[in-house]
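Single-letter residue listing:
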Amino acid sequence: MICKNIGINEAGHITFAGQDVCELAKKYGTPLYLMDEQRIRENCRIYKKAMENYFDNALPAYASKAASFKRMYEIIGEEGLGVDVVSVGEIYTAMKAGYSLENAYFHSNNKTDFDVEFAIENGVGYFVVDNAEELFAIERINGGNEKKQKVLLRLTPGIDTHTYEAVNTGKVDSKFGSAIETGQAEEITKLALHMEHIELMGFHCHIGSQVFDSDTFLRSSDIMLGFAADMKKKYGYELKELSLGGGYGVRYVESDPVIDIDANIKQVSECIKATCAKYDLQVPKMIMEPGRSIVADAGMTLYSVGTIKQIPGYKNYISIDGGMTDNPRYALYGSEYTLFVANKANDTANFTADVVGRCCESDDIIQPAVNLPKPVRGDIIAVCTTGAYNYSMASNYNRVGRPAIVMLNDGKSYQAVKRESLDDLVANDL
Ligand SMILES: *Cc1c(COP(=O)(O)O)cnc(C)c1O
């Protein structure tokens, strides 16, 4: 199986976190997001434990844009992780969940004055500052307060990760961060050091998502620490914190590699320690920001099959009752997924079809050319590894309501987010 929490029971049905997904579809309706709570917690613990083992001072911060709703922040708080937030909406959701914001890292390449005010007022621990303009805004808005605002500066080390262009963010020409190569990184460091209401805690970089070769992490840490050493020499600044950004990739399909996160973090730690020694720096507090690898394999989406269209000599379509409104990732990135006909899990896969949604877009495809047992109307399609960037990227296009999120834990299930009703869809229409 693509993931340990997926199985097949005696009825020939797919199980997720030990529960028959056809029963869950019956109970809660489709489309439906399922989340395996124990899997989320285990993923948190893998990062937490490894970072505690291999560093003296380190913290994983969950990048909550991967899946952001109240229950997630409760779980993340219980597991003792920090969080990344990228908007006032995410900050507010975390607050509503009772998440303490001192270990919250506020990202975004364009924070408005309102964003800055809101975050400072509500005690967001850190700003991850993208550019000089943002520094001026924080300095001005925090002017009336005694407490300095802690910041990390987001730098672009100039690394091409060879992954898909849209998730490649560490290059010099990226819209994110300030580049080391152009001198802009040094400029904002100098600025931050001279500001009265700002405390420069360190540097941040995020070289992109789904980075499988840990070599990339090693190269970026060398560039970042080299820069820190340069700042120490020129301005006497001693780096306190270093964040290397997003987490490891996950397995969407069988051909994706299995990643040993613990072993990778051990390797990163050895490299950081050696590089700090090389540049004569103290080992800073280390931050990592895993999003996808915390929640992706804890998620599964269920759909009901509707129309099956066979175009002789061309292709086949299986239409489901969701689509790009609940999972736009194929349309956006051409993302791969593993699919099952959940009530026919032991049947022979003898039918090749595009699994498509019901939106008015030809690109409304969940996955093209999948090989499945031929389904009939009413069968249940399960799409695996949908815990990250599905619900958080969902929209109301075509006035389709977002599905419910049902959490699975220890043989029980409960709703964390309810299904959007027709009334929800018109709630803001005046
Ligand atoms: C998206 C993002 C992450 C999380 O990346 P994953 O691939 O989900 O682990 C972390 N840090 C920053 C700055 C991000 O933009």
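Residues numbered from 1 in each chain as written. Predicted model: local features only at pLDDT ≥ 70, side-chain atom pairs only at ≥ 80, totals over all residues. Heavy atoms only, no water.

Before going further, it helps to spend a moment on the overall build of the protein chain. Secondary structure summary: the protein chain contains twelve helices and 21 strands in total. In terms of overall size, the protein chain behaves like a compact globule, its C-alpha atoms giving a radius of gyration of 23 Å where 430 residues would be expected to give roughly 22 Å. Taken along the three principal axes of its C-alpha coordinates, the protein chain extends 70 × 50 × 45 Å. Within the protein chain, buried positions represent 57% of all 430 residues. (Helix = DSSP H or I, 4+ residues; strand = E, 2+ residues; numbered from the N terminus. Rg over C-alpha atoms; globule rule 2.2 N^0.38 Å. Buried < 20%, exposed > 50% of the residue type's maximum accessible area, 1.4 Å probe, protein only.)

Here the focus is the domain arrangement of the protein chain. Domain boundaries in the protein chain define domain 1 (6–36 + 296–425) and domain 2 (107–290). Here domain 1 and domain 2 have C-alpha centroids that lie 36 Å from each other. Contact residues are listed per partner, giving eight residues for domain 1 and seven residues for domain 2. Counting the surface lost from both domain 1 and domain 2, the interface buries some 720 Å², and carbon and sulfur atoms represent 57% of this. Considering only the surface of domain 1 that becomes buried against domain 2, Tyr333, Glu336 and Thr385 emerge as the three largest contributors, covering 55% of it. Between domain 1 and domain 2 we count zero salt bridges in total. (Domains from an automatic or database assignment. Contact = heavy atoms within 4.5 Å. Buried area = accessible area lost by both parts, 1.4 Å probe. Salt bridge = Lys/Arg side-chain N within 4 Å of Asp/Glu carboxyl O.)

Let us now look at the pairing of strand β21 (residues 412–417). The sheet contact formed by strand β20 (residues 404–409) and β21 spans five bridges and is antiparallel. Pairing of methionine 407 across the sheet is with tyrosine 414, part of β21. (Pairing = 2+ DSSP bridges.)

Counting across every chain of the model gives nine aromatic pairs. With 5.9 Å between their ring centres and 85° between their planes, tyrosine 33 and tyrosine 391 make a pair best called edge-to-face. Taken together, the residues tyrosine 33 in strand β4 (residues 32–36) and tyrosine 391 in the loop between β19 (380–384) and β20 connect sequence positions 358 residues apart. With 6.1 Å between their ring centres and 65° between their planes, phenylalanine 203 and tyrosine 237 make a pair best called edge-to-face. Here tyrosine 237 lies in the loop between α8 (215–235) and β12 (241–246) and phenylalanine 203 lies in strand β11 (residues 198–204), a separation of 34 residues in the sequence. Judged by its relative accessible area of 0%, phenylalanine 203 is buried. (Phe/Tyr/Trp six-rings, centres within 6.5 Å; stacked < 30°, edge-to-face > 60°.)

Positionally, threonine 386 belongs in the loop between β19 and β20. The buried category is assigned to threonine 386, whose relative accessible area is 3%. A polar contact is formed between the side chain of threonine 386 and the backbone nitrogen of methionine 300, at a distance of 3.3 Å. Side-chain polar atoms of threonine 386 contact the side chain of threonine 301, separated by 2.8 Å. Those residues in contact with threonine 386 that sit more than four places away from it in its chain are Ala296, Gly299, Met300, Thr301, Asn327 and Tyr337. (Polar contact = N/O pair within 3.5 Å; in protein donor to acceptor, adjacent residues only side chain to side chain.)

Our next topic: the sheet that holds strand β2 (residues 14–16). A sheet is described by the order of its strands in space; here three strands give the open sequence β1-β2-β3, paired in antiparallel fashion. At either end of the open sheet lies a strand with only one pairing partner, and these are β1 (6–8) and β3 (19–20). Sheet topology note: the β2/β3 ladder contains two bridges and is antiparallel. Pairing of threonine 15 across the sheet is with aspartate 20, part of β3.

Look at helix α2 (residues 37–54): 26 Å from first C-alpha to last across 18 residues, which is about the 26 Å you get at 1.5 Å a residue. Listing the buried residues of α2 in full gives Glu37, Arg39, Ile40, Arg41, Asn43, Cys44, Tyr47, Ala50, Met51 and Tyr54. Put simply, aspartate 36 is the residue that caps the front of α2, since its side-chain oxygen is 3.2 Å from the backbone nitrogen of glutamine 38. (Expected span 1.5 Å × (residues − 1).)

Here the focus is the site of the ligand. Surveying the vicinity of the ligand reveals 15 residues, the closest of which are Lys65, Gly247, Glu289, Arg292 and Tyr389. Within the side chain of lysine 65, one N or O atom sits 2.8 Å away from an oxygen atom of the ligand. In the complex, the protein chains occlude 93% of the 390 Å² of accessible area that the ligand would expose alone. Class assignment of the residues belonging to the shell around the ligand gives a composition of three nonpolar, seven polar and five charged. (Near = heavy atom within 4 Å. Areas by Shrake-Rupley, 256 points an atom, 1.4 Å probe, with all protein chains shown as cover. Nonpolar A, V, L, I, M, F, W, Y, C, P; charged D, E, K, R; others polar.)

To continue, consider unusual backbone geometry. At the junction of threonine 30 and proline 31, the peptide bond is cis and its omega measures out at -10° in the coordinates. If you trace the backbone, proline 31 turns up in the loop between α1 (21–28) and β4. Despite not being glycine, threonine 385 has its phi angle at roughly 60°, a positive value. Residue class for threonine 385 comes out buried when judged on its relative accessible area of 3%. Phi angles above zero are rare outside glycine, and aspartate 410 is one such case at about 55°. Secondary-structure assignment places aspartate 410 in the loop between β20 and β21.

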